[in-house]
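Examining the three-dimensional arrangement
Here is how the chains run, residue by residue.
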Amino acid sequence: MSSIVRYTVSMDQRLLEKFDSQIERKGYANRSEAIRDLIRDSLVGEKWAKATEKVVATVTLVYNHHTADLRDRLADIQHHHTDIVLSTTHIHLDNDNCLEVVILRGKCKVVRSLAEKLIALKGIKHGKIVSTTEATQLW
Ligand code: NI
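Residues numbered from 1 in each chain as written. Predicted model: local features only at pLDDT ≥ 70, side-chain atom pairs only at ≥ 80, totals over all residues. Heavy atoms only, no water.

1. Examining the overall build of the protein
To keep it simple, the criterion reads: The way it works is that DSSP assigns letters per residue, a run of H or I at least four long becomes a helix, a run of E at least two long becomes a strand, and they are numbered from the N terminus. Here the radius of gyration uses the C-alpha set of atoms, whereas the globule reference equals 2.2 Å times the residue count to the power 0.38. Burial classes follow relative accessibility: with a 1.4 Å probe on protein chains only, a residue under 20% of its type's maximum area counts as buried, one over 50% as exposed, and anything between as partly exposed. Methods summary: accessible areas were calculated by the Shrake-Rupley approach with a probe of 1.4 Å, and residue burial reflects only the protein chains presented. For the purpose of counting charges, residues Lys and Arg are taken to be positive, whereas Asp and Glu are taken to be negative. His and the chain ends are not included. Every charge is mapped to an atom, namely NZ of Lys, CZ of Arg, CG of Asp or CD of Glu.
Helix and strand content of the protein: 4 helices and 4 strands. In the protein, the order of α-helices and β-strands from amino to carboxyl end is α-α-β-α-β-β-α-β. Expected size for 139 residues packed as a compact globule is a radius of gyration near 14 Å; at 19 Å, the protein overshoots this value by more than 25%. In terms of overall dimensions, the protein has a C-alpha envelope of 55 × 35 × 20 Å along the principal axes. Per-residue burial for the protein yields a buried fraction of 25% across its 139 residues. For the protein, the exposed surface amounts to about 9900 Å²; the carbon and sulfur share of it is 52%. Here the protein carries 21 positive and 18 negative side-chain charges, and the mean point of each set is 4 Å from the other.

2. Concerning a nonpolar patch on the surface
We apply this condition: What goes into a patch is any residue over 30% in relative accessible area without a salt bridge, connected to like charges within 9 Å or, for nonpolar side chains (Val, Leu, Ile, Met, Phe, Trp, Tyr), within 5 Å. Each salt bridge in this description consists of a side-chain nitrogen of Lys or Arg and a carboxyl oxygen of Asp or Glu lying within 4 Å of one another.
Taken together, Y7, V9, M11, L15, I39 and L43 make up a surface patch of nonpolar side chains, about 570 Å² in accessible area. Relative to the assigned elements, L43 resides in helix α2 (residues 31-48). Given the relative accessible area of 34%, L43 is considered partly exposed.

3. Section: the coordination of the nickel ion
Selection rule: For Na, K and Ca the donor cut-off is 3.2 Å; for every other metal, N, O and S atoms count as donors within 2.8 Å. Water does not enter the count, which can leave sites looking incomplete.
Ligation of the nickel ion by protein atoms is provided by H90 (NE2), H92 (ND1) and C98 (SG), these donors lying 2.0 to 2.4 Å from the ion. Motif for the nickel ion, donor spacing along one chain: H-x1-H-x5-C. Of the residues examined, H90 reaches a relative accessible area of 31% and is grouped as partly exposed.

4. Thoughts on the sheet that holds strand β1 (residues 54-64)
For clarity, the cut-off: Each pair of strands is called paired provided DSSP finds at least two bridges between the two strands. Axis geometry follows a simple rule: fit a line to the C-alpha atoms, using only the stretch in contact for helices, then measure angles between N-to-C directions, giving values from 0 to 180 degrees. Contacts were defined at the residue level, with two residues in contact if any of their heavy atoms lie within 4.5 Å.
Read across the open sheet, the 4 strands follow the order β2-β3-β1-β4; overall the sheet is antiparallel. Bordering the open sheet on either side are β2 (85-92) and β4 (124-132), each of which pairs with just one other strand. The mean angle between the axes of side-by-side strands here comes to 15°, regardless of whether they run parallel or antiparallel. Seen against the sheet, helix α3 (residues 70-79) touches β1, β2, β3 (97-107) and β4 and runs at an angle of roughly 170° to β1.

5. Topic: the domain arrangement of the protein
Where we set the bar: Note: domain ranges come from an automatic or database domain assignment.
Split by domain assignment, the protein resolves into domain 1 (13-48) and domain 2 (54-133). Computed from C-alpha coordinates alone, the two centres of domain 1 and domain 2 are separated by 29 Å.

6. Structural notes on α2
This is how the line gets drawn: Expected helix span is taken as 1.5 Å per residue step, with the number of steps being one fewer than the number of residues. The arc refers to the directions leading from the helix axis to the C-beta atoms.
Here α2 spans 26 Å end to end across 18 residues, near enough to the 26 Å set by a 1.5 Å rise per residue. Along α2, the positions that sit buried rather than exposed are A34, V44, K47 and W48. Projected onto a plane normal to the axis of α2, the buried residues spread over an arc of 140° and lie on a single side. Pointing more than 90 degrees away from the buried face of α2 are the exposed residues L38 and S42. Looking at the buried positions of α2, the neighbouring elements they touch are α1 (13-26), β1, α4 (108-120) and β4.

So, in structure tokens, the structure goes:
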């Protein structure tokens with residue numbers, strides 16, 4: 001069981017005012033919670049940088065489903081990585097565009113490589129990887 005530590009941080013007043021107004025907009029109850037989230041995000045980012053670290057990631061893809069072969073290529077890649085692909089959600093945004101969210105889990109190097117491969121497919125209009133780590137690995 002870890003204990004709570006209090007500490008003091010010195011910084012420029014204007015910087016702190018901007019931070020306070022940002023965390024108020026975001027709905028944080030207090031500064032401590034906002035700073036804890038920043039630290040967690042930074043630590044997760046560091047794990048993501050280690051090739052052998054186990055990570056979980058979502059890959060969000062937006063594409064036009066009329067683009068030749070794109071749906072087949074997306075499905076084909078995922079079928080060849082069933083050990084990493086946990087789930088896929090597909091939403092038809094309008095007559096032409098689709099949103100697909102693929103959830104991946106595995107070693108960072110493999111997950112990142114697959115995510116980048118999906119995003120790089122010809123016809124993907126926008127792709128974004130959000131990486132996180134398993135709760136059991138969190139401090
Ligand atoms: Ni669709």
